[in-house]
Amino acid sequence: MNFLGLLARNRLALLGLVVVLMITVLALLTPLLPLADPDVTNTANRFKRPFEDGAILGTDHLGRDLLSRLFWGSRLSLAVGFASALVAATIGATIGIIAGFHGGWTDNVIMRGVDMLMAFPYILLALAIVAALGPGLMNALIAVAAVNIPFFARNIRGVTVGIAHREFVDAARLSGMGNTRIILTEVLPNVIPVIIIAMSTTVGWMILETAGLSFLGLGSQPPQADLGSMLGEARSALITNPHTSVVPGAMILIIVISINLLGDGIRDALDPRLKSGALSRPMPRTLVRRGEPSAGKGSSALLALSGLETQFHANSRVYRAVSGVDLVVRPGECVGIIGESGSGKSVTALSVMGLVASPPGVITAGSAHFSGQDLIGAEYGTLRRLRGDRVAYVFQDPLSTLHPLYTVGEQLVEAVRVHHPMPKVRAREHAVGLLHSVRFPNAKERFDSYPHELSGGMRQRVGIAMALANDPDLIIADEPTTALDVTVQARILTLLRELQRERGLAIIFITHDFGVIAQLCDRVAVMYAGRIVEEGPTDAILKSPAHPYTARLMACVPELGQERRRLTAIPGLPPVLDDLPDGCAFAERCHRATDACRVGNIALAGLATERVVRCIDPEFRAAGTA
Amino acid sequence: MAGYILKRLVSAIPVLLGISIIVFLIMAMIPGDPAMAILGSYATPENVEKLNRDLGLDKPLVQRYLIWLGNLVQGDFGRSFSLNRAVLDEVLERFNTTLLLAGTSFVICSILGVSAGAIAAARQFALADKAITFVVLLGISIPSFFLGMMMILLFSVNLRWFPVSGMWPIYGTRDLSALVSHLTLPALVLAVVATGVIARLSRSAMLEVLRQDFIRTARAKGVHERGVIWRHALRAAMVSIIPVLGVQAGFVLSGAVYVEIVFQWPGVGRMLVDAILKRDILLVQGGVVFVAACYVMFNLAVDVAQSLLDPRIRT
């Protein structure tokens, strides 16, 4: 999407652009327009109302034509505002680039100076400069520009520091270019968008500031008038003749508001983060847009997913993260979901409780029956009551998933009290008990620690304790051990297994590590490109994987005591989720693939007791078939 | 904690020195002869020379700065010739009234701005978000002096809800209710721009935080959406909002000058403008240094507040 296109799509910015252009053109044409002389006084005609005696906007306290003064004043205000923005941007950017490019003590000295200037209350500094130079429009311009230089210098320096260490700058240096040339040909082109953003968001402010100084009588001096001094002169007649104040004031407002609209549009168009819509916040519940929900099944199941489809809609593209997943979890059972990153395992797990970030996530089909109740499309209130109470989550990285500014104790107490209101003291006792149950050493003393004060393993124990807070029926653990080192990982796994047995918990355990599955899970589902490609009892699949992908995935896991075995990485990459191929998504990387693999829809087929596989030519066939 | 405060206090010293140097240099740039400005153009050369000697203006720049700084530290800001009064006395008196105005505004804009930003973020793309975004745009685009004049027309002249200007009634008692009715309009007008800026930044800070993993954790725990927004997200967003509040405090403090002029509020800003127009340099110099120093100390308090909020920087 090109820059102008983006700008044009933003209707408000476009409106701002049109108004700014109109006013600019009028300001440029002012000397050619058939206007009365703005400075000719005629006290007999003072304070004419608008449309009185041919004066469209009336006259001011000296009988001067307001329309003419408005045009000339706008011209002056715009010129001064843009000039000071240009001066501030040029000097500020130069300082910023020099500081950022050279680094070291140059940077240090310059930036300390900039910090000093920024320590001033903004307008105070401008007043001091005008006080020194004396009142006058030129001096006001200098003051406003000077006050804004630190802002530009600091912004541009930040960007330049990032660029100065990039490869293309190193390359230019190696090719023997001088610093000045590198700055002009390599650094400057990359900094210009930032300069433009900074300018477009500050020029309105600078017009306000120069108008302000003129309003105070420190800017343009009579008879010459910009909008600010027109307002300043009109103030004494505010109550008797308000139109003389409203005319210049409204003009300033119109100019600044349209410049700000345009500036916001430019910033949005140039800021790459906004293009992908990354700045939208996730809603409390994933968006559901599905047709007929499928009927619930498997009454003995605690959780039954059926035909679950979750997609990400971004920039008119559709990423099919999960496309038709069926999975059953019985009470007290541990089911593993395994797959590479991007295979849709986390999205499947988050879809259950509507925790997929949305936008961009949308659940487009399927159902998730928990104890017979469909959670997909359930009211937010229903979901919220179940979340953390009957279905709890443990997430991957406990440093980013625990709130950094609350103590672990506070977070545990909250988890309890949000579902079971009770006095804080009792909740606290309960929470300490939870920490004990996850074998958290010195639970009492460390109750008031912040997450960043704990080790990774301890933090994950807190995460697990929080999941246990309300004695849930099901825990969904989304790679809970991936961020931990191996010995800690083993301890956490042992803990989970013990808890599962003690409490009769059902667990969905998501991982990319077959070793972990082997230790913990009764059954395992293998996911690839948003679909389950094989499912069955863990032992059976570990002993004889049926899907070539499963076999390859297992070959990636090193085993102790088998040093001679070759570890084989799977060649190629998973398919892109916004353009899934026909047939088997793994075909491109599969050594057994034939043309038949690349057409139609390959269904999950029964292979043996409790085992299914999505492959027309599996690694082995059940006795009795084919 | 005490160690942290002490460290920040010490680090404020070079900033204060830097400010004094900048102000001194700006004032030293003044073209022409200050003694001439004081005595007027009919002064005899002997008198000018004598005054220059009395003011110490015949000495080299560095020496003059050191003398000036030494006097400042002892509380001697010089004497205002236009008011015939010690600069510090005048500044202190005026600063109190500005502080009342700016402080009230600051409380208003912090509370309004942060709440508006948080609501807009929580209701992103909904009507409330659009309405807030529009009002905010209006707020940051309108010159406060123009807004002030329009408010006077509407609320003081037409509706007669508030007095037109000043800090106290000319006749009548100087009680709290009189003060509040005089303070309301200027404090609101002064708060408008800062409210807009704070709301904008709060909105984007909240949007940033709401995408974090720990927000998903809070939701997975079953925390009410209200709690997610106001307890979890806002607390984390405050870490980046508080520095903005510090900057805006400076804008409110110095932006008070326009409001003081429009509403005839006897504050330090109006004093500075008068002093500039009368070329009373010592008064300008003293006023600027004093207000800037207060602002530095305020920012120090902001840093301390920041560290109270965020345990990770308290070391």
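Anyway, here's the lowdown on the structure attached to this text.

Scoring rules and cut-offs
Residues numbered from 1 in each chain as written. Chains lettered and ligands numbered in written order. Predicted model: local features only at pLDDT ≥ 70, side-chain atom pairs only at ≥ 80, totals over all residues. Heavy atoms only, no water. Helix = DSSP H or I, 4+ residues; strand = E, 2+ residues; numbered from the N terminus. Rg over C-alpha atoms; globule rule 2.2 N^0.38 Å. Buried < 20%, exposed > 50% of the residue type's maximum accessible area, 1.4 Å probe, protein only. Contact = heavy atoms within 4.5 Å. Areas by Shrake-Rupley, 256 points an atom, 1.4 Å probe, with all protein chains shown as cover. Lys, Arg positive; Asp, Glu negative; His and termini not counted. Charge placed at Lys NZ, Arg CZ, Asp CG, Glu CD. Core = buried A, V, L, I, M, F, W, Y, C linked by side-chain atoms within 4.5 Å. Salt bridge = Lys/Arg side-chain N within 4 Å of Asp/Glu carboxyl O. Phe/Tyr/Trp six-rings, centres within 6.5 Å; stacked < 30°, edge-to-face > 60°. Lys NZ or Arg CZ within 6 Å of the ring centre and 35° of its normal. Pairing = 2+ DSSP bridges. Axes fitted to C-alpha atoms, helices over the stretch in contact; angles between N-to-C directions. Disulfide = S-S within 2.5 Å. Buried area = accessible area lost by both parts, 1.4 Å probe. Polar contact = N/O pair within 3.5 Å; in protein donor to acceptor, adjacent residues only side chain to side chain. Nonpolar A, V, L, I, M, F, W, Y, C, P; charged D, E, K, R; others polar. Parallel < 35°, antiparallel > 145°, perpendicular 65-115°, else oblique. Left-handed = near helix turned anticlockwise from the far one by under 90°. Patch = residues over 30% accessible without salt bridge, like charges linked within 9 Å, V, L, I, M, F, W, Y side chains within 5 Å.

A few words on the overall build of chain A. Scanning chain A from N- to C-terminus turns up 21 helices and 13 strands. Computed over its C-alpha atoms, the radius of gyration of chain A comes to 34 Å, more than 25% above the 25 Å expected for a compact globule of 626 residues. Its C-alpha atoms give chain A principal-axis dimensions of about 110 × 65 × 55 Å. Counting only residues that meet the buried cut, chain A has 53% of its 626 residues in that class. Here the contacts in chain A between residues at least 6 apart in sequence split such that 69% fall between residues at least 24 apart. Taken as a whole, chain A presents about 26,900 Å² of accessible surface, with 59% of it coming from carbon and sulfur. Counting 57 positive and 54 negative side-chain charges, chain A places the averaged centre of each group 1 Å from the other.

A count of helical and extended segments in chain B gives 12 helices and 2 strands. Reading the secondary structure of chain B in the N-to-C direction produces α-α-α-α-β-β-α-α-α-α-α-α-α-α. Dimensions of chain B along its principal axes, counting C-alpha atoms only, are 85 × 55 × 35 Å. Taking all 315 residues of chain B together, the buried fraction comes to 50%. Of the contacts made within chain B by residues no fewer than 6 positions apart, 72% connect residues no fewer than 24 positions apart. Approximately 14,300 Å² of chain B is accessible, and the part contributed by carbon and sulfur atoms is 67%. Chain B carries 27 positive and 19 negative side-chain charges, and their two centres are separated by 13 Å.

So, on to the nonpolar core. Counting residues in each nonpolar core, the largest one holds 167 residues, and the members touching the most others are L127(A), F215(A), L216(A) and M27(B). Beyond its immediate stretch of four places on either side in the chain, M27(B) contacts A128(A), A131(A), I281(B), V284(B) and Q285(B). Within the second largest apolar cluster, 62 residues are counted, among which are A443(A), A469(A), L505(A) and F586(A).

All names here are of chain A. The final tally for this structure, using the stated rule, is 34 salt bridges over all chains. Between R503 and D471 there is a salt bridge; the shortest N-O distance is 3.4 Å. Of this pair, R503 sits in helix α18 (residues 486-503) while D471 sits in the loop between α17 (456-468) and β8 (474-478); the two residues are 32 residues apart in sequence, bridging distant segments of the chain. Owing to a relative accessible area of 32%, R503 belongs among the partly exposed residues under this scheme. In this structure, E534 engages R611 in a salt bridge whose closest nitrogen and oxygen atoms are separated by 2.6 Å. Linking E534 in strand β11 (residues 531-537) with R611 in strand β13 (residues 611-613), this pair joins segments that are 77 residues apart in sequence. When sorted by exposure, E534 lands in the same class as R611, which is buried. One network of salt bridges, in which partners are shared, links R330, E333, R523, E535 and E610.

Let us look at the packing of aromatic side chains. Within this structure, the stated rule accounts for 14 aromatic pairs over all chains. Chaining the aromatic ring pairs together yields one cluster made of F215(A), F145(B) and Y258(B). Positioned above the aromatic ring of F395(A), the side-chain terminus of R216(B) is 4.1 Å from the ring centre.

This brings us to the sheet that holds strand β4 (residues 334-338) of chain A. Within a sheet, each strand pairs with its neighbour through backbone hydrogen bonds, oriented either parallel or antiparallel. Residues and elements named next belong to chain A. Taken in spatial order, the 8 strands make up an open sheet running β7-β8-β9-β4-β10-β11-β13-β12, and their pairing is mixed. One side of each edge strand has no neighbouring strand; the edge strands of this open sheet are β7 (391-394) and β12 (605-608). On average, each strand axis in the sheet is tilted by 20 degrees relative to the strand beside it, whichever way the strands run. As paired elements, β12 and β13 share 3 bridges and run antiparallel to each other. The partner of G606 across the bridge, within β13, is V612.

Before going further, it helps to spend a moment on the state of the cysteines. Under the counting rule described, the total for this entry stands at 0 disulfides over all chains. The structure places no disulfide on C615(A), whose sulfur is separated from the nearest cysteine sulfur, that of C597(A), by 6.1 Å.

Further remarks concern unusual backbone geometry. All names here are of chain A. Omega for the peptide link from P222 to P223 comes to 5 degrees, which places this bond in the cis form. Within the fold, P223 resides in the loop between α8 (179-215) and α9 (227-234). Even without glycine at this site, E610 takes up a positive phi of about 65 degrees.

It is worth spelling out the pairing of β7(A) at this point. All names here are of chain A. Side chains V391 and Y393 project from β7 onto one buried face, and the interleaved A392 and V394 project onto a second face that is buried too. Bridging between β7 and β8 involves 4 bridges; their strand directions are parallel. The residue of β8 that forms the bridge with V391 is L474.

Our focus in this paragraph is the interface of chain A and chain B. With 75 residues of chain A at the interface, the matching set in chain B holds 76 residues. Summed over both sides, the interface between chain A and chain B buries roughly 6,900 Å², with carbon and sulfur atoms accounting for 72% of that surface. With its nearest N and O atoms 2.4 Å apart, the salt bridge here joins D264(A) to R200(B). For the pair chain A and chain B, the number of links is 25 residue pairs in polar contact (both at pLDDT 80 or more). Looking at the side of chain A that touches chain B, the elements that each hand over two or more residues are α4 (104-118), α5 (122-133), α8, α10 (243-270), α13 (380-386), α14 (398-401) and α15 (408-417) of chain A. The dominant element in the side of chain A that touches chain B, judged by the number of residues it contributes, is α10(A), at 12 residues. For the side of chain A that touches chain B, a count of residues per class yields 52 nonpolar, 14 polar and 9 charged.

This brings us to the side chain of S367(A). Inspection of the secondary structure assignment puts S367(A) in strand β5 (residues 361-370). Engagement of the side chain of S367(A) in a polar contact is seen with the side chain of H369(A), the distance being 3.5 Å.

Turning next to the packing of α15(A) against helix α16 (residues 424-437) of chain A. Residue and element names in this part refer to chain A. Interhelical geometry of α15 versus α16 gives an angle of 110 degrees and a closest axis separation of 9 Å. Compared by their axis directions, α15 and α16 come out roughly perpendicular. The element α15 and its partner α16 pack so that their crossing is right-handed. Along its contact with α15, which presents L412, V413, V416 and R417, the element α16 presents K424, A427, R428, H430, A431, L434 and L435. Looking at side-chain class alone, the contact of α15 with α16 contains 7 nonpolar, 1 polar and 3 charged residues.

All names here are of chain A. With their axes 7 Å apart at the nearest point, helix α3 (residues 66-102) and α8 run at an angle of 140 degrees to one another. Our pair here, α3 against α8, has a crossing hand that is right-handed. Classifying every residue of the contact of α3 with α8 by side-chain character gives 20 nonpolar, 6 polar and no charged.

All names here are of chain A. Within the element layout of this structure, M116 appears in helix α4. For M116, a relative accessible area of 16% translates into the label buried. Between the alpha carbons of M116 and I183 there is a distance of 26 Å; along the sequence they are 67 residues apart.

What follows concerns a nonpolar patch on the surface. Residue and element names in this part refer to chain B. A cluster of nonpolar side chains, M1, I5, L6, L9, V10, I13, L17, M297 and L308, forms an exposed patch at the surface whose accessible area comes to about 790 Å². Elements represented by at least two residues in the nonpolar patch include exactly α1 (2-28) and α12 (281-309). Among the elements that take part in the nonpolar patch, α1 stands out by supplying 6 residues, more than any other. Take L308: its relative accessible area is 53%, and that puts it in the exposed class.

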